Every structure is written in C-alpha cells, then in structure tokens.
Amino acid sequence: MHSANQPNRPSDENDYSLKDTNPQLGERWPAAAAAASGGRGWMNNERYTSTYDLVEQMSYLYVRVVKAKDLPPSSITASCDPYVEIKLGNYKGRTKHFDKRMNPEWNQVFAFSKDRIQSSILEVFVKDKEMLAKDDYLGRVIFDLNEIPTRVPPDSPLAPQWYRLEERRGGGKVRGDIMLAVWMGTQADEAFPEAWHADASSVYGEGVLSIRSKVYVSPKLWYLRINVIEAQDVVPNDRSRIPEVLVKVQVGNQVLKTKTFPIRTTNPLWNEDLVFVVAEPFEEQLQLTVEDHVHPSRDDVLGKINLPLSVFEKRQDHRPVHSRWFNLEKFGFGVLEADRRKELKFASRIHLRACLEGGYHVLDESTMYISDQRPTARQLWKQPVGILEVGILGAQGLLPMKMKDARGSTDAYCVAKYGQKWVRTRTILNTFNPKWNEQYTWEVYDPCTVITLGVFDNCHLGGGEKPNAADSRIGKVRIRLSTLEAFRIYTHSHPLLVLHPNGVKKMGELQLAVRFTTLSLANMIYVYGRPLLPKMHYLHPLTVNQVDNLRYQAMSIVAVRLARAEPPLRKEVVEYMLDVDSHMWSMRRSKANFFRIMSLLSGFFSMSRWFSDICQWKNPVTSVLVHILFLILIWYPELILPTIFLYMFLIGLWNYRFRPRHPPHMDTKLSWAEAVHPDELDEEFDTFPTSRSHDLVRMRYDRLRSVAGRIQTVVGDIATQGERLGSVLSWRDPRATSLFVMFCLCTALVLYVTPFRVVALVAGLYYMRHPKFRSKLPSVPSNFFKRLPARTDSLL
C-alpha cells in the first residue's frame, strides 16, 4: 500500500470516507519475487499463481522439520527426550518433544517472515529436554540464507534431505542425523496454512489452532413441517372428565404447540402446521406429546412419541406428502410402572403429515443483507452466474482492544461470510496494522446479494484468558455485489465504524481487493427477472412471525454448529456477522428509517413544488414553455408515453457521468449516528430485558409513548383517508354518496359526447391557470372529500 499505509493521525479520527489504494497485487508478483531472491532459484519470471492475484506478495523462509535418527542417549537416563529448536536472529521456534525416543518424527513446518529477518544464517538445534537441569545440546545444522532455493507453486514440494549434526562450535560431526527441507516461498505455498509463524511464538496450547486461517461451511438447514391432523381414542388420566387436548412438539430447543381443541372430546381434530428449523446431520429427535389442559397453569401429558428426523420424507415442491398414523406411548408407562410393563395397554394414536422442505431457502441472516437465496435441495440449484474473489490485504490504524504487558494491543483476524462458506484469516499478533494478504473465492448464484466482512480481536491465544471470554468486535464491512462492475478490481480502504455507548467510533480501516467476474451475460439478465426466493416461498408462504422466529432459530443452530469446529468460529462472531440484534428497538434506527422515507418522498415533494410554481406563474418563461409542451401533448396524445420514456432515458444518460466509482460503505449520517443523544445510545445498548433503574425506564417508557403517539396519529390519518375514499360509494353518508353518484352520471354523459382531447385540455389549463383566477379557499373536491365519513366514530 502507498497512500493507505500511513498510520492514522488524530486529525483523521472522524474520516469516515472510503479511500482508494494502490497495492502491489499478484500480477506484479513474479518480477518482485525475482528481484527479492536475486534471480536465483526456480522462479520463472513469466509465471504467477492466479489464485493469489488479488493480494500482495509476502515472502517467507520455510523450514520443515521431518524427523531425526540415531540420536545419542543421555549419560544419566540412558534415553533421549528430543526436540528441535530453530533460531533465526531474534526469532525462535521449537517442536514438541518426545519422551524416550531415539528416532523421533515431528513433521512440523516453521515460517519466518522475510521482512523481519535480521540474520544471514539459520540455525537448527537438536536438544534433549531435561526435567530439572538445563536442556542438553545434541547438535546443530547451519544454513546460509544466501544459498537457500526459492520455490513457486505449482512446483512440487522441496524434497527433505538428511543432514549430519555438528558440534556447537563447529568442531566436527557428532552422532545423529536430522531430515530437513529449507526454502524461500510466499503465502501461496501449500505449507503456509499449517505453518507455525515466528511472530506467534507467544501462542501455545490450544491457542495455536485459533490463529490459523480456516474455511468453514454452514450446516445444511431444512424446514421441518409437521401437520398435526387428528388424534383418536385419547385416554385421559382422570376418567371422570373429558380432556381438553392439545399437541406439543419439541425439536432440540424449539417448542411449538397447537391450539387447544375447543370441544371436549377423545377424538380431537386440529389440522395445524408447525414448522421447525433442523440441520444435517440430524442429531435431535422429534418429541411429540399429547396433553390435557386441566388448568391454566398446568397441562397433563396423556401420551408421547419420539421420532428420529431421518424417518421423514424430503420433498422439493408442493406435492402432497402421505400422512401416517403413529401409536402414542402412555406417559410414564414402563418407567413409573415397572411391575406392569408386560401388560397390554390400549394405545391412542395420532395422525401426522410430516416432511422436510427442500424447496425453501432457510433464512439465517437478515433479508436486507442476504448472501444466499438458493433452496435447500441441491437438485433445485441453478448454474452459477459469476465468481466473487476477495483479497483481504490488511488493516490500518486499529485501536487497542485489550491490555497486554501493561500496554494496549490488538490480535486481529478477519472473517468473511458469503453463502454457506465462511472464511477466517490467520490472527496477526500484537499489531495495529496487520497484513493478511489472503485470497478467497466464492461462486455467485445471484448478484443481488451481499458479502459481509468483520474484523475481530482474538481473545483465545492459549494464555491466561478466561475460557468464556468473547472475541471483541472491531468493525464490519458490507459489499453488495450488484453495485460492482464486472471484471474490475476494486482496491479500497473501508472504514471500520462501530457504534459504542458513547457514540460512533472509527476503529480503523480494512483494505480489500474485490473482483466480480460474470460467467454469462444471458444468465445474468435472466436472473434479474427471476423471483428473489425459491417459488415455494410464494406458493406456500410463511407468515411474518414464522419467518422471524425461524430465522432466529436458524442463527442459533448455525452458531452452535460452527462453534463445534476446530478452531471454533465463536458464537459472538457468528451473531455479529448475521445481525442477530437487528430486530431490537432503537430510537436511532427509527429516526434513520423515518428520514430515509422523507428523502424518498422528497422527489415527489420537489415535483409538486415545481408544478405549484408553474401554476402560480412564479417564472413566466417556464410556465409558458410548460403550457406549450402541454398543448403539443394534448394535440398529439400518442406522444405522451414516448416523451416520458425518452425523458427517463436522457436522465439515465446524464446521470451516467455521476455514477459511483466505488462500492457503498457505512454512512454515519444516514444511520443517524453522528448526532444521536447519549441517552438514546444507552437505551440501544441496554440488555433485554432491561437492567436499568425504574426511574430511567419510566422516563424512557414515557418518551416511547410520546413517539408512539405521534406515529399512531400519522397511521390513523392515513387510515382515515383510505376509509373516506372507500365510503364514497358505500352509502355511509347517503347524501354524499347520492351527490357523487349523480356527479358520476353527469360526468359519464359529458365524456361520451366530448372528445377526451378537449377534456384533458380544459382540465390542464384549469389547473395551470394564472393566480389572478384562483381562490385562496380549498377547492370543492377537497372540501367534499374531507366531509366524507371514516370509521373513527367507531373507535373506543
């Protein structure tokens, strides 16, 4: 980076804009690599790895420690606990040690960043671990960095060789050999993802896994639809009363109930659909219980059944699924009544129609930022229409996120989510300007989708952290693919903006290189005419409440499954990337949405003001020109529609000059985050349910009531206007309706005998008449409309 590589100055603290950068991307790798290696090795100047053409080159010295043989035993224990220590200047790396092993095998790779190499020799020591005294020195091998070869994939890996161990002072050979491979390479090397990096020497234990880059895949989610039809011969626990029956179904931590059948009977009928979210592999079981509503606070279980999810049929469309009868087990029988286990007891049965819906897309993220819209069943997937490539270059000016050794530090990693594929870069330790330079690729099935990238601080490095500590959020970036031009590489520095309890704060900048490649223009055009979601969402739509509840359950399942990976993608990371709290109330968001609506309507208001100025003759020249255009269109009415479309075409051409040259980014003004009141921020960050004092909650409740009262008034006014419009012909006001009916009859007779051209001419000239001929009082149609009755009289 050139311009974006400078550290943040205090004056740039509130610079929330997107910045252009000029990184040395992959197409310039070969020349740079050849120059760095002095022209030695196997580097071909005309070859480069296209997989890494969106990131900057990072050179590494790789050391692969394979194994050793014939190591000398200790004179005290007559055995050897060997390990290897690699030293390069101030950096050291060491393998794990083996107990009592003369011929150990490590097969570990170490990577030393070339930018930080401050030595001309590489030393490989073999040592014997001692419990009490200092570790014994067994031998070493020395390499001159100027003689180390360079390797570029797709060349085969460098073959390791046996090296004879030398004494510490180079006095001669000692007993034992070690197999090593040493080469210069880049992050495109196959050994890079699993290598132990020298700058991560402070990480140990389980933390070593948490700093490596990984790719995760979201679990395959299904909607499970249970249609509870009826039950037969339900036997109540209390034979003296007829039961009030309902059915409760539980899958994992999801519990849904049918309505209580309104008639007391032993053969209830419900015919209700219950929909759940489940994930493959199906680990939970479906637990169904038939219950008797004996008291408002108590339900007695009459029968139960457990079913594995694998027994249910998978369907891809709306074809009917066969229903089945299942026998219910008597609740407690065989457990509490062990002595009667062998008795034959009469069993109730329940009628179910159940299936796993493969024709829906299971929503696990906000529909505003959706990254995938494909149905669950892979057979229904279309061909991809493009390829998305993202180079995660690095970050600049990150703020300290935690204290380490009495000073602030940040151990940053980046997570990107698009479709079912999640990627996590390696963690760069203890730096505010990390450089990842990792590149990832996704198939694109719909360009009207969003990729989300988040930066986090790693709090699980194997040190003394609490096991339940959460990785801190540094910031998030969203890029909508449809705003990107095809085949163009976007290299920008995106601001990382986070809303804190004390206001909006810039946490740094994320530097990306993004390229969207279209595979077929015809397919792309076809996609724009297709529905956003699979057709099952339109043939058998889910209710709004169902979608919200199922989305929350899907997010929980994805978070739990990804947290079981190694290393885990933690719950707080998944929830932040999926916008788990986007449904929570926020005064700030409400204001932002209100002003979004106002800006949307501002165009109509501007047009109405412009037309009002024409009618008021504030600019006589413009009014005359509009009158001339109006007369031409009336005289030649066939020109009206062509003129409108030609005008929109010209507006589009004119706006092409001002088209955005970069993807949209987080806008603090649009989010209403710059001038937000501190108490509103405190309310937004409050827990649910609230943890604030009663007086503060009362004040906020009163404020919410006042805001909701104004909203209620506006909504009521809109409803009133609609009801007045509907009452014109409903005879709620017989005089008004009779007047309007007679007016319609007279108007119809006049329009039959008068050409439409004359009517339009008279109406247009009347509305654009000079102010001298206008009255300041409201017009007759307006007065008539405002007198029409609405249903407000019926409100309590």
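Residues numbered from 1 in each chain as written. Predicted model: local features only at pLDDT ≥ 70, side-chain atom pairs only at ≥ 80, totals over all residues. Heavy atoms only, no water.

(A) Molecular detail of the overall build of the chain. When you go through the chain residue by residue, the secondary structure sums to 14 helices and 31 strands. A compact globule built from 796 residues should have a C-alpha radius of gyration of about 28 Å, whereas the chain, at 36 Å, is more than 25% larger. With respect to the three principal axes, the spread of C-alpha positions in the chain is 120 × 95 × 60 Å. Taken over 796 residues, the chain has a buried fraction of 42%. Contacts in the chain between residues at least 24 apart in sequence constitute 71% of all its contacts with a sequence separation of at least 6. Taking the average place of the 103 positive charges on the side chains of the chain and the average place of its 86 negative ones, the gap between the two points comes to 5 Å. (Helix = DSSP H or I, 4+ residues; strand = E, 2+ residues; numbered from the N terminus. Rg over C-alpha atoms; globule rule 2.2 N^0.38 Å. Buried < 20%, exposed > 50% of the residue type's maximum accessible area, 1.4 Å probe, protein only. Contact = heavy atoms within 4.5 Å. Lys, Arg positive; Asp, Glu negative; His and termini not counted. Charge placed at Lys NZ, Arg CZ, Asp CG, Glu CD.)

(B) Representation of the pairing of strand S6 (residues 121-128). The buried fraction of S6 is high, at 7 of 8 residues. Of the pairings in the sheet, the one linking strand S3 (residues 82-88) to S6 comprises 6 bridges and is antiparallel in character. Bridging across to S6, Val84 finds its partner in Val126. Pairing of S6 with strand S7 (residues 136-144) involves 8 bridges; the strand directions are antiparallel. (Pairing = 2+ DSSP bridges.)

(C) Expanded view of the packing of helix H8 (residues 620-635) against helix H13 (residues 756-767). It is at 9 Å that the axes of H8 and H13 come closest, and there the two elements cross at 165 degrees. By the angle between their axes, H8 is roughly antiparallel relative to H13. Between H8 and H13 lies a crossing whose hand is right-handed. Side by side, H8 and H13 meet where His627, Phe630, Leu631, Ile634 and Trp635 of the first sit next to Arg757, Ala760, Leu761, Gly764 and Leu765 of the second. Split by residue class, the contact of H8 with H13 holds 7 nonpolar, 2 polar and 1 charged. (Axes fitted to C-alpha atoms, helices over the stretch in contact; angles between N-to-C directions. Parallel < 35°, antiparallel > 145°, perpendicular 65-115°, else oblique. Left-handed = near helix turned anticlockwise from the far one by under 90°. Nonpolar A, V, L, I, M, F, W, Y, C, P; charged D, E, K, R; others polar.)

(D) Fine view of the sheet that holds strand S20 (residues 329-330). Strands sit in the order S14-S13-S16-S17-S20 across an open sheet of 5 strands; the sheet is antiparallel. Bordering the open sheet on either side are strand S14 (254-257) and S20, each of which pairs with just one other strand. Where strand S16 (residues 285-295) and strand S17 (residues 298-308) come together, 10 bridges link them in antiparallel fashion. Pairing of Leu286 across the sheet is with Leu307, part of S17.

(E) Quick peek at the environment of Ala563. Mapped onto the fold, Ala563 is located in helix H5 (residues 544-563). The partly exposed category is assigned to Ala563, whose relative accessible area is 35%. Sequence separation between Ala563 and Tyr62 is 501 residues; the distance between their C-alpha atoms is 31 Å. Those residues in contact with Ala563 that lie beyond four places of it in its chain are Pro568 and Leu569.

(F) The arrangement of helix H11 (residues 694-726) in detail. If you check H11, its first and last C-alpha atoms are 46 Å apart, about what 33 residues at 1.5 Å a residue would give, namely 48 Å. Of the residues making up H11, those classed as buried are Arg700, Arg703, Val707, Thr720 and Arg724. Taken together, the buried residues of H11 touch helix H7 (587-616), helix H10 (678-684) and helix H14 (780-786). (Expected span 1.5 Å × (residues − 1).)

(G) Summary view of the sheet that holds strand S28 (residues 450-457). With antiparallel pairing, the 5 strands of this open sheet are ordered in space as S11-S26-S25-S28-S29. The open sheet has two free edges, formed respectively by strand S11 (214-217) and strand S29 (472-480), since each of these has just one partner strand. Across the sheet, the mean angle separating the axes of adjacent strands is 20 degrees when strand polarity is ignored. Here S11 runs beside strand S26 (residues 421-424); their pairing, made up of 4 bridges, is antiparallel. From the neighbouring strand, Val217 faces S26, where its bridge partner is Lys421.

(H) Representation of the pairing of strand S12 (residues 221-232). Counting buried residues along S12, 10 of its 12 residues qualify, which places the element largely inside the surrounding structure. Relative to strand S15 (residues 269-279), S12 is paired through 9 bridges, and the arrangement is antiparallel. Bridge pairing in S15 places Leu224 opposite Phe276. Here S12 runs beside strand S21 (residues 349-357); their pairing, made up of 9 bridges, is antiparallel. The residue of S21 that forms the bridge with Tyr223 is Glu357.

(I) A look at H8. Between its first and last C-alpha atoms H8 spans 22 Å; for 16 residues at 1.5 Å apiece the expected length is 22 Å, and the two agree. All buried positions along H8 are accounted for by Ser623, Val626, His627, Phe630, Leu633 and Ile634. Buried residues of H8 fall within an arc of 130 degrees about the axis and therefore sit on the same side. Opposite the buried face of H8, at more than 90 degrees from it, the exposed residues are Val621, Leu625 and Trp635. If you follow the buried residues of H8, they end up packed against H7, helix H9 (640-656) and H13. (Arc of directions from axis to C-beta.)

(J) Structural context of the pattern of salt bridges. Under the defined criterion, the tally for this structure stands at 39 salt bridges. Between Glu244 and Arg264 there is a salt bridge, and its shortest N-O distance comes to 2.7 Å. Placement of the pair is Glu244 in the loop between S12 and strand S13 (245-251) and Arg264 in the loop between S14 and S15, with a sequence separation of 20 residues. The exposure class of Glu244 is partly exposed, given its relative accessible area of 21%. Overlapping salt bridges, with partners in common, bring together Arg225, Asp273, Arg315 and Glu357 in one network. (Salt bridge = Lys/Arg side-chain N within 4 Å of Asp/Glu carboxyl O.)

(K) Seen up close, the packing of aromatic side chains. Per the counting criterion, the structure on display carries 16 aromatic pairs. Ring centres of Phe456 and Tyr576 lie 5.7 Å apart, and the angle between their planes is 85 degrees; on these two criteria the pair is classed as edge-to-face. Pair noted here: Phe456 is in strand S28 and Tyr576 is in helix H6 (residues 571-577), with a separation of 120 residues, a long-range link. Ring geometry for Phe594 versus Phe595: centroids 5.3 Å apart, planes at 80 degrees, classification edge-to-face. A relative accessible area of 39% places Phe595 in the partly exposed class. Within the aromatic cluster, the residues linked to one another by ring pairs are Tyr60, Tyr62, Trp183 and Phe192. Against the face of Trp162 rests Lys69, its NZ or CZ located 4.4 Å from the ring centre. (Phe/Tyr/Trp six-rings, centres within 6.5 Å; stacked < 30°, edge-to-face > 60°. Lys NZ or Arg CZ within 6 Å of the ring centre and 35° of its normal.)

(L) Just the confidence of the model for the chain, in detail. Looking at the chain, the pLDDT average stands at 83 and 90% of residues meet or exceed 70. Across the chain, element-level confidence peaks in strand S25 (residues 412-418) with a mean pLDDT of 95 and bottoms out in helix H1 (residues 29-36) with 44. This model gives residues 30-49 a pLDDT under 50, and the stretch forms 34 contacts once residues within four places in sequence are excluded. Counting interchain partners and residues more than four positions distant, the pLDDT-below-50 stretch residues 333-344 has 7 contacts. (pLDDT = per-residue confidence, 0-100.)

(M) Representation of the nonpolar core within the structure. Ranked by internal contacts, the top residues of the largest apolar core, which has 64 residues, are Ile392, Trp422 and Leu510. The biggest single contributor to this core is H5, with 7 residues. Residues contacting Leu510, with those up to four places away along its chain left out, are Ile392, Gly394, Ala395, Cys414, Trp436, Leu453, Val455, Val477, His492, Ser493, His494 and Leu496. (Core = buried A, V, L, I, M, F, W, Y, C linked by side-chain atoms within 4.5 Å.)

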